[in-house]
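Now for the letters of each chain:
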Amino acid sequence: MKKLIAAVMVTAMMLSMSGCFLANGNQYKKAKKKVFEAAQEAFGVQELSDEDKELLMDDSLKEEKISEEAEELLSEGIFAEITKEEIEARLEEADVEDQLSELGTDVDFTPEDMENVCIVGKKTGENEIVVAMVIDFKKKGTCEDMFDDLYSSYEKTATMMNIAAARDDSVKCEISKGKKDLGFLLRYDEENLIMAAYIERAGDTITLVTFAGPFDSDLYEEFLEFDDIAGFAGFSAMAEEME
């Protein structure tokens with residue numbers, strides 16, 4: 001969990017699984033509004049105060065276990081906007097190269113390529129978490145390159161899981177994809193676990209959504225409601241196909 005938060009704060013990307021003022025258009029504002037309103041309804045998230053946002057960002061860079069205050073914030077559900085200035089203020093405290101290497105992308109990308117980020121998160125168990133991010137890039141070209149690389153990574157993962165599902169009845173996989181979005185749902189019955197990932201690009205903005213946890217949990221039901229409201233991947237229909 002700590003590595004996830006740190007990666008969010010310094011790279012605005014996640015897939016350890018892993019966006020606020022738009023300079024070049026209104027895609028970011030639309031995406032941010034869609035994510036926040038869906039999260040409010042489904043998860044009951046509240047926008048963090050400046051004090052709590054500082055606490056969560058500072059806590060994510062510490063070596064020790066995440067603090068009880070941060071855990072409590074995440075368990076209630078959070079929404080926060082992180083500006084470029086706030087990210088840059090913490091770059092010296094974070095191992096940026098290490099975080100970037102965990103992304104597994106070939107894109108020449110640094111945190112300075114971002115403008116702003118908004119993040120929604122909720123964590124209700126040790127391994128039960130949902131994270132949604134909207135990332136506003138300075139340049140459309142960088143955004144396109146990052147999206148293409150992540151899209152390819154997601155597609156390869158889903159393909160591998162489809163192969164695994166053909167060999168093992170306890171593994172199930174569903175995928176939904178278009179030219180500018182892709183989502184997949186993975187279910188492992190033996191461990192009572194499910195993972196969902198979704199990526200979408202609009203202009204110079206990328207939206208990322210992920211869930212991991214038990215498929216009989218309340219948070220998973222809230223996640224499906226969130227996806228239905230936002231109109232992302234159609235995870236509810238994909239989950240029904242798995243039954």
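Note that this is a predicted model, so its numbers are computed, not measured.

**Q** So what's going on with the packing of aromatic side chains? Which residues, and what values?
**A** Under the defined criterion, the tally for this structure stands at nine aromatic pairs. Seen in terms of ring centroids, Phe147 and Tyr151 are 5.7 Å apart; in terms of plane orientation they differ by 55°. Their pairing is tilted. Of this pair, Phe147 and Tyr151 both sit in helix H7 (residues 140-167), separated by four residues, roughly a single helical turn. In terms of burial, Phe147 and Tyr151 fall into one category: buried. Relative to Phe232, the ring of Tyr198 lies with its centre 5.0 Å away and its plane at 35°, an arrangement referred to as tilted. In this pair, Tyr198 sits in strand S7 (residues 193-202) while Phe232 sits in the loop between helix H8 (218-230) and helix H9 (235-242), placing the two residues 34 residues apart along the sequence. As far as burial versus exposure is concerned, Tyr198 and Phe232 are alike and both buried. Here the aromatic cluster, defined as three or more aromatic residues joined through ring pairs, consists of Phe43, Tyr198, Phe226 and Phe232. Between the NZ or CZ atom of Arg187 and the centre of the ring of Phe215, over which it lies, the distance is 3.9 Å. The aromatic ring of Phe147 is capped on one face by Arg201, whose charged end is 5.9 Å from the ring centroid.

**Q** Account for the pattern of salt bridges, naming residues and giving values.
**A** Summed over all chains, the structure comprises ten salt bridges. Two residues, Lys33 and Glu37, come together in a salt bridge whose shortest N-O distance is 2.9 Å. One end of the pair is Lys33 and the other is Glu37, both in helix H2 (residues 27-43) and four residues apart, which spans about a single turn. Given a relative accessible area of 49%, Lys33 falls into the partly exposed group. Judged by relative accessible area, which is 40%, Glu37 ranks as partly exposed. In this structure, Lys34 engages Glu200 in a salt bridge whose closest nitrogen and oxygen atoms are separated by 3.5 Å. Taken together, the positions of Lys34 in helix H2 and Glu200 in strand S7 put the pair 166 residues apart, joining distant regions of the chain. Of the residues examined, Lys34 reaches a relative accessible area of 29% and is grouped as partly exposed. We classify Glu200 as buried; its relative accessible area is 17%. Through salt bridges with shared partners, one network takes in Lys172, Arg187, Asp189 and Glu243.

About the criteria used
Residues numbered from 1 in each chain as written. Predicted model: local features only at pLDDT ≥ 70, side-chain atom pairs only at ≥ 80, totals over all residues. Heavy atoms only, no water. Phe/Tyr/Trp six-rings, centres within 6.5 Å; stacked < 30°, edge-to-face > 60°. Helix = DSSP H or I, 4+ residues; strand = E, 2+ residues; numbered from the N terminus. Buried < 20%, exposed > 50% of the residue type's maximum accessible area, 1.4 Å probe, protein only. Lys NZ or Arg CZ within 6 Å of the ring centre and 35° of its normal. Salt bridge = Lys/Arg side-chain N within 4 Å of Asp/Glu carboxyl O.

In short, shape yes, function no, at least from these values alone.
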